[in-house]
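# A closer look at the structure
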Amino acid sequence: MLFFKLWNLDHDVDWTCCKMYKVLCCGSNGSGQLGVGHKRDLCELTECFRNNHRVLDIACGSNHTLLLLESGEAYACGSNISGLTSLENLSENEEEMFMLIGQDEKTYKKIAAGWDFSILVDSSNKVHTQGDLRLCGGLGEAVQEVKTLTEVYHSADDDVVEIHTSLHSIIIIHSSGKVLAWGNNKKGQLFGDCKTLDMVYSPLSLSFDDLDYEDKENFRVVRCAMGRDYTFFHVLNTVSQSQLIIMRSKNDRYKILQGLCNAIGDGHIEGNGRRSRWFRIKKGICLKRLKSMWSSVHVMYSTEEKSSVLKSFGNNVFGQLFPGLSTEVADFDVGTEHGVCLEKSEKKVCSWGWGEHGNCGVQKLTTKVNEMYSCDENKTIDSAIGGYATTWIIVKS
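Our subject in this report is the structure included herewith. (Residues numbered from 1 in each chain as written. Predicted model: local features only at pLDDT ≥ 70, side-chain atom pairs only at ≥ 80, totals over all residues. Heavy atoms only, no water.)

### With respect to the state of the cysteines
The final tally for this structure, using the stated rule, is zero disulfides. Free cysteine Cys 375: the closest other cysteine sulfur is in Cys 350, separated by 12 Å. Residue classification places Cys 375 among the buried positions, given a relative accessible area of 12%. (Disulfide = S-S within 2.5 Å. Buried < 20%, exposed > 50% of the residue type's maximum accessible area, 1.4 Å probe, protein only.)

Structure representation (structure tokens):
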């Protein structure tokens, strides 16, 4: 089988002659989305992929996974992925392994996944989708499902910088500053107070016209974080250089916006009673990361006194809020209801939150961080990624 992941050919490759990137994973695996050759959940980290090209990203849906290499090759495993490969029908065993996406040596630069759909951007900036589109759209209301990668739009010379997804909503940020979105907007999580846009089936330009702000034509979205039914935007005013956090949602049941405002804001929230509310980030705060689980938001920032601060706000029923770590955190990521962080040494990964499927490793307490993995002296941890109750650790040697 020509399209099996390279790791299956391990015995034919001399890995000692070059650098190697190894992917370890654990967590929910009922549809083979871990790519380990079976469908049993795992609480112990298990190798699922290796390659001499760097693993740039891993994107997770509810039951499938995408993996992108620096070479532009992309792989998929889990349920309903046959349309992503050049093989029309995959056996159950093949869906449990990482398979090469596409054909004719096509390469990709960005990947993303939602509940039951995938998005890939190829090297020519064409945005493609595949999967069940009934609840997220992308190709118009009439198209409910596509089994093969299908072009949504072509951005030509306007590079795709970031793709963000929730269950059934998509936001794409371009290098020009243009932001496109589509999918579920029933809570105003994409387009704010526009009540006529409950469901958006094709890409639509996203703006902040509903904000009572004096200079909104100069807004540029730096990053965003999508929860289950809300979105937080980190926005820069390109003229004044002031920065804002904007929340779009029907409500804020977990008081996330107020928590963020108290920590990094000027103390004053504008737009109360509307689906778009915001505050200014206070001077001296440099926001590095803004990420969201389904019901909590997590930020990493620096101040004049501290080089790295990681704080969480929102639902904490299952320990989703970061409990703190005695050493400095270099980076972090979050899944649906759990998080993973990389220590500054780049030798150790810890987890926190809801680990019911083994996605936090062998977890004893949800009130403390759980050490998941530490690597040898001759290795470093390149990144740690959280998915739909799954965790992925990429180790470089």
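Once you've had a look at it, read on.
### Some words on the pairing of strand E8 (residues 117–122)
Among the six residues of E8, six are classified as buried, and the element is accordingly described as predominantly covered. Side-chain alternation along E8 places Phe 117, Ile 119 and Val 121 on one buried face and Ser 118, Leu 120 and Asp 122 on a second face that is also buried. For strand E7 (residues 108–113) and E8, the ladder comprises five bridges, and the chain directions are antiparallel. Counted as the bridge partner of Lys 110 is Val 121 from E8. Where E7 hands over to E8, the hairpin turn is made up of three residues, counted between the paired strands. Taken together, the five bridges between E8 and strand E9 (residues 126–132) define a ladder with antiparallel strand orientation. Residue pairing in the sheet places Ser 118 in a bridge with Gln 130 of E9. The turn joining E8 and E9, which pair antiparallel and follow one another in sequence, is formed by three residues; a positive phi near 70 degrees is taken by Asn 125. (Helix = DSSP H or I, 4+ residues; strand = E, 2+ residues; numbered from the N terminus. Pairing = 2+ DSSP bridges.)

### Quick look at the sheet that holds strand E21 (residues 309–314)
The strand order across the open sheet built from three strands is E19-E20-E21, with neighbouring strands paired in antiparallel fashion. Each edge of the sheet is formed by a strand with only one pairing partner; in this case those strands are strand E19 (286–292) and E21. When the angles between neighbouring strand axes are averaged without regard to direction, this sheet yields 20 degrees. The pairing of E19 with strand E20 (residues 296–302) spans six bridges and is antiparallel. Bridge pairing in E20 places Arg 289 opposite Met 300. (Axes fitted to C-alpha atoms, helices over the stretch in contact; angles between N-to-C directions.)

### A closer look at the side chain of Ser 169
Note on placement: Ser 169 falls in strand E12 (residues 169–174). Here the side chain of Ser 169 touches Asn 184 through a polar contact of 2.8 Å, landing on its backbone oxygen. Those residues in contact with Ser 169 that sit more than four places away from it in its chain are His 164, Trp 182, Gly 183, Asn 184, Gln 189, Leu 190 and Met 226. (Polar contact = N/O pair within 3.5 Å; in protein donor to acceptor, adjacent residues only side chain to side chain. Contact = heavy atoms within 4.5 Å.)

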